[in-house]
Structure formats: C-alpha cells, structure tokens
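Coordinates in review
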Amino acid sequence: MKTAKKIIALSMMVVFALSTFLLAACAPKEATPSAAGEQPPAAEEVTLNIFQFKVEIAKELEEAARAYEVENQNVKINIQTVGGGDDYGAALRAKIQSGVEPNLFNIGGPQDVEDWMSRLEDLSDQPWVAQALEGVLSGVTVDGKIYALPFNIEGYGFVYNKAVFEAAGIDAANIIDFKSLEDAVKELDSKIKAGELKDKFPNLKAAFEVAAKETWVTGLHASNTALSQEFPSSLDAFAAKNIEFKYGDALKALLDLQADHSSNAKAKAKLNAVDYATQVDQGIAIERVAIVQQGNWIYGGVKAVDEAVANNLDILPMPVKGIKEDSIPVGVPMYWAVNNKGTDAQKAAAKDFLNWLYTSEKGKDFIVNKFFFIPPLKGYESLEPKDPLGQAVKRYAEAGKTMPWVFMGYPTGWGMEVLGTEIQKYFAGEVKWEDAVKNAQDQWIEMRK
C-alpha cells in the first residue's frame, strides 16, 4: 500500500474475520449492480470525478472505469491519482478548497471521519455493507451509520527476496523473533560485503533500503508496530489524550536494524532522501537490496520491473522486541467515501460504481487479479490471492500472527509530519532518540487539545 497517508481503523476482530473469509467454503448470494437501487437515470449524462491515493493501481483503476462505462454509457469517469511521494491528505484538502470537489475520494479511519464528516454521504443502505467482513467498518461507523467502503485488506512487514536468502544459506523459516532476524541480517550483510553473492546477484549492494523520505513508511507504518502494543485499536488511539510510548526502544531497534544494514549505513542522513521508487523500483525490484519494509501492495510494481523477482518475494515478521515478535500488521489502508456535495445523479453513480467494482463478477476480477487486493468483503471465496505477497498476508492471518493497524487513530498529521520528521532528524544525527520520542509525545498532547 503506498500512500502519503496510509491509514486505518481496525480492532483485532479483523484478524479473525479475515481468516474466516479466507477459509470459508461457500459464497453468499452476491449483490449485483442492478441491486444497488440508485443507478442514475439512463437518459441523464453524469460525470463522476474520482480523487484517489493508490498509485499502484492507477492504470488498472482506469481500466476498470472504462469497463464500467461500457455497461453504463451515460456515465463518464475521470480519475486523478495523488500518492507515492505526495501527501494525499494535503492534496485532498487543496482540491476541496479549489471548489472542484471530487465525487469519490479516500479517507482513513476515525480521525479522517471526524475531519471530513461534513462531506461524507451515509452509505449504510448500500448492498456491499451486508458483505463486509467483521470489524472492517468499525473505524468509519458513527452513531450506527457507515460512511465509507474499505479499499481492501493489506499486510506489511519486511518484504524479502527468497532467492538471495537461499544463496546466502539463510533459512527464513527460522526467523521468528528480533534476535533471529538480527542474526540473519548480520549474516547477509557480511556476505554481501565479502562479495560472496556477487556472481548470482551482481547488483546487490546492501541488505536493506530505508525510504525515510516517505514519512508514512516510518512515522505511520513502522511506529504502528510499537503503538499497536499500546493501543488495542485505532479507536483507542483516537480517544487517547497522550501516549506513553511504552515500546519506543523496540521501535528504535527496528529502525536501527534497517539503517545500520542499508546502502547508507555510513551516512544515515542520506536515508532521508530515499523515496519509494528508490526503495522498491530501483531497490528490491532490481535486486540492489534484499529486504524492504513494505507490504503486499508492492507486488504489481515489482512485477512490472521483473516478474521473476516479484514471484520470489515473501514477508518476514516485524518483531516488536520482547513483546510481539512473530507477526505483521494487517488492516485496511484506506476507504472509499462518496461526497455528499455532489448532485443526486453523481452520488447515485458513485455508489453504483463502488457496488459494481466490489460485487459484480467483472469488478471482483479487477479487485483480485488486476489490483492484487485481498478483498474486505465476503463473496470472493473462489478468488484466492495468486501473488506471493497476498498469499503471505493470508498465511499470517490464518496463523493469527497479526497486529492491528492503529495509526489512523493518530492526531491528524502526527504520524507523518511530527513523528516521521523526528525520525528523519534522528537519522541525520540532529536529535537523540529519547528527545525525538519526547517531542512526539508533547505534540500528541498539544494536537489533542
């Protein structure tokens, strides 16, 4: 999942719900586009403007829109994608302020719901609601009303190249905690530096690449490992007036492990210039590095660079040292919201498009086989994830080895603009770790006032 504000609200129930979904034998009767009940009048021309964050599916979403237009020739869909190194939240605010408001846009969990409530259409009566997996709607439900449709279910951890590990003689099955991960990384690093893997992997320069420029990677995703041990769900984080940062040292250990064995280990300030493309497209995809902190959403991008590498990827746990060491964070990255400021025809078309995309056979094919999504709804039991990273997330979920995503409960901007920036200062040697944590704690309190 890549986004400037990759955010979610989930309780631990989603873990059990995901397992139920993946193991279910029978699919429920599915809703069809005709069941949506709010399609625009056939004779009325409708323009639907979509403003979305997920750059990984930009091309495929365009293809889905064209397929929908064939079946609904009175509807014209325009899509604008803002993500990657750009701040989607800031871009959305600017878009709204410009007066040219999108009809469909993305929000995260409870904090975004509060921030955007004045523009959220109530979607409680939509057909897909009855098919939602248990727990995936908790962060976008207020007073019993549902305001958004979950994009998908994602998991992230340390994505690694199995071929590199095998060539180094490292058995990834033995990596079950921080100590075993650290030992494996040190062994891999030493063999790379000694040139032992150069014949098979001539581009290989380092064990890790760290995209510290992408503060969603550090300030949201990395921090979630520690703060999900402090808060059971994003709703708890949302309600918190302060944070103890009980496991700040465990977060530091994860960040240091990556930085100390990265391509910029001797000049860590340079990590702050490493973006997603450098980490993924020019990193793990070309076998310049063996491990990156990312999730199953990178599969499509790596596949576009080198399909053989993409099919050799798997996910190692992100161990919270001494607390929860064999798991990965699993949750919903973002939600689809319908803008209640649109015309009745636009709102109806937006709702119908979402129903078509997530419940029709053609739409579900896009969701699973082109977007490489793990669906947030029932009715996909015959469409198992085919890519190795989606299968890896499924494996962790079935084993119950997951952590909730709580970062959507952070105060608006805290994860990226505050903690992410403090982590950059730490890498640059401008602040000590304990000062970075203290500054982040103080800002949380201030932003909750």
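Notes on the structure follow. All figures in this text were calculated on a predicted structure; none of them were measured in a lab. Starting from 1, residues in each chain are numbered consecutively following that chain's sequence as written. Since the coordinates come from a predicted model, pLDDT governs what is reported: local features require at least 70, and pairs of side-chain atoms require 80 or more to be given and counted, while whole-chain, interface and lining totals use all residues. Based on all heavy atoms of the structure, the side-chain values leave hydrogens and waters out of the count.

1. Re helix H6 (residues 178-193)
- Helix length check: H6 (16 residues) gives 22 Å between terminal C-alpha atoms against 22 Å at 1.5 Å per residue, within 8%.
- Within H6, burial applies to Phe178, Ser180, Leu181, Ala184, Val185, Leu188, Asp189, Lys191 and Ile192. Relative to the axis of H6, the buried residues are bounded by an arc of 165 degrees and lie together on one face. Projecting away from the buried face of H6 at angles above 90 degrees are the exposed residues Lys179 and Lys193. Counting from the N terminus, the helices are the DSSP runs of H or I reaching at least four residues and the strands are the DSSP runs of E reaching at least two. Expected helix span is given by 1.5 Å per residue-to-residue step, counting one fewer step than there are residues. For the exposure calls, accessible area comes from a 1.4 Å probe over protein chains only, and a residue counts as buried if that area is under 20% of its type's maximum, exposed if over 50%, partly exposed in between. The directions from the helix axis to the C-beta atoms are what the arc is built from.

2. Some remarks on the pattern of salt bridges
- Think of a salt bridge as a Lys or Arg side-chain nitrogen and an Asp or Glu carboxyl oxygen that are within 4 Å of each other. Here the structure, examined in full by the defined rule, presents 25 salt bridges.
- Across the pair Lys351 and Glu121 runs a salt bridge whose closest N-O atoms are separated by 3.0 Å. Of this pair, Lys351 sits in helix H13 (residues 344-359) while Glu121 is found in the loop between helix H4 (110-116) and strand E4 (141-142), placing the two residues 230 residues apart along the sequence. The same class applies to Lys351 as to Glu121, namely buried.
- The structure contains a network of salt bridges with shared partners spanning Glu121, Asp344, Lys347 and Lys351.

3. Concerning the pairing of strand E7 (residues 154-161)
- Counted residue by residue, E7 has eight buried out of eight residues, so it is predominantly covered.
- Across four bridges, the pairing between E7 and strand E10 (residues 313-316) is antiparallel. Directly across from Asn161, in E10, lies its bridge partner Leu313. Think of it this way: DSSP has to see at least two bridges between two strands before they count as a pair.

4. Examining the sheet that holds strand E12 (residues 335-338)
- Taking strand neighbours across the sheet as the criterion, the five strands line up as E2-E1-E3-E12-E6 in an open arrangement whose pairing is mixed. Bordering the open sheet on either side are strand E2 (75-81) and strand E6 (149-150), each of which pairs with just one other strand.
- As paired elements, strand E1 (residues 46-52) and strand E3 (residues 104-107) share two bridges and run parallel to each other. By the bridge assignment, Ile50 is partnered in E3 with Leu104.
- Contact between two residues is taken to exist if any of their heavy atoms lie within 4.5 Å; hydrogens are not considered. The convention used is that axes are lines fitted to C-alpha atoms, helices contributing only their stretch in contact, and that angles between N-to-C directions extend from 0 to 180 degrees. Strand contacts of helix H2 (residues 58-71): E1, E2 and E12, with the helix running at about 175 degrees to E2, the strand carrying the most contacts.

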